[in-house]
Amino acid sequence: MGCLGNILWFICGGFLSGLSWIIAGLLCCITIIGIPLGLQCFKFATLSFFPFGKEIYYGDGTINLLANIIWIIFLGIPIAVENALIGILCCITIIGIPFGLQFFKIAKLSLMPFGAYIA
């Protein structure tokens with residue numbers, strides 16, 4: 001299911017989700033201060049392209065919390081809303097529910113990417 005799900009995912013919206021992460025990363029990398037934010041975008045773009053079979057684990061720490069607050073203010077909310085809306089659209093049909101759940105997973109990640117890792 002993972003391979004087939006990833007192929008269908010890429011065709012049915014995963015490409016746009018991953019593209020939004022790459023665009024956000026490029027915008028962040030314009031300034032030196034934004035480079036750590038941009039690197040997070042690039043790291044999670046691969047998850048947005050092929051999310052089936054991957055889990056996200058969240059860590060903790062003061063620096064991660066501060067970076068996540070800055071992230072939410074500048075980039076997190078628009079990307080999370082985009083992924084949540086696409087997830088809602090996917091969940092309209094029974095066939096689209098697995099894809100909608102993946103969009104919700106990515107929406108949660110897009111709010112707090114620092115300290116998170118993919119396994």
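Computed from a prediction, not measured in an experiment: that's the story for all the values here.

Scoring rules and cut-offs
- Residues numbered from 1 in each chain as written.
- Predicted model: local features only at pLDDT ≥ 70, side-chain atom pairs only at ≥ 80, totals over all residues.
- Heavy atoms only, no water.
- Helix = DSSP H or I, 4+ residues; strand = E, 2+ residues; numbered from the N terminus.
- Rg over C-alpha atoms; globule rule 2.2 N^0.38 Å.
- Contact = heavy atoms within 4.5 Å.
- Expected span 1.5 Å × (residues − 1).
- Buried < 20%, exposed > 50% of the residue type's maximum accessible area, 1.4 Å probe, protein only.
- pLDDT = per-residue confidence, 0-100.

Student: Residues and numbers for the overall build of the protein, please.
Tutor: Secondary structure assignment for the protein yields four helices and two strands. Each helix and strand of the protein, placed in order from N terminus to C terminus, yields the pattern α-α-β-α-α-β. Relative to a compact globule of 119 residues, whose C-alpha radius of gyration would be 14 Å, the protein shows 14 Å and is just as compact. In terms of its C-alpha atoms, the protein occupies a principal-axis envelope of roughly 40 × 25 × 20 Å. Taking all contacts inside the protein whose residues are at least 6 apart in sequence as the whole, residues at least 24 apart take part in 75%.

Student: How would you sum up helix α4 (residues 97–111)? Please name residues and give values.
Tutor: At 3.6 residues per turn, the α-helix brings residues three or four places apart onto the same side. Look at α4: 21 Å from first C-alpha to last across 15 residues, which is about the 21 Å you get at 1.5 Å a residue. Restricting attention to buried positions, one finds in α4 the residues Phe 99, Gly 100, Gln 102, Phe 103, Lys 105, Ile 106, Ala 107, Leu 109 and Ser 110. Taken together, the buried residues of α4 touch α1 (2–28), α2 (35–49), β1 (56–58), α3 (62–90) and β2 (116–118).

Student: Run through the confidence of the model for the protein, naming residues and quoting values.
Tutor: Looking at the protein, the pLDDT average stands at 86 and 99% of residues meet or exceed 70. Put simply, β2 is where the protein has its lowest mean pLDDT, 84, and α4 is where it has its highest, 89.

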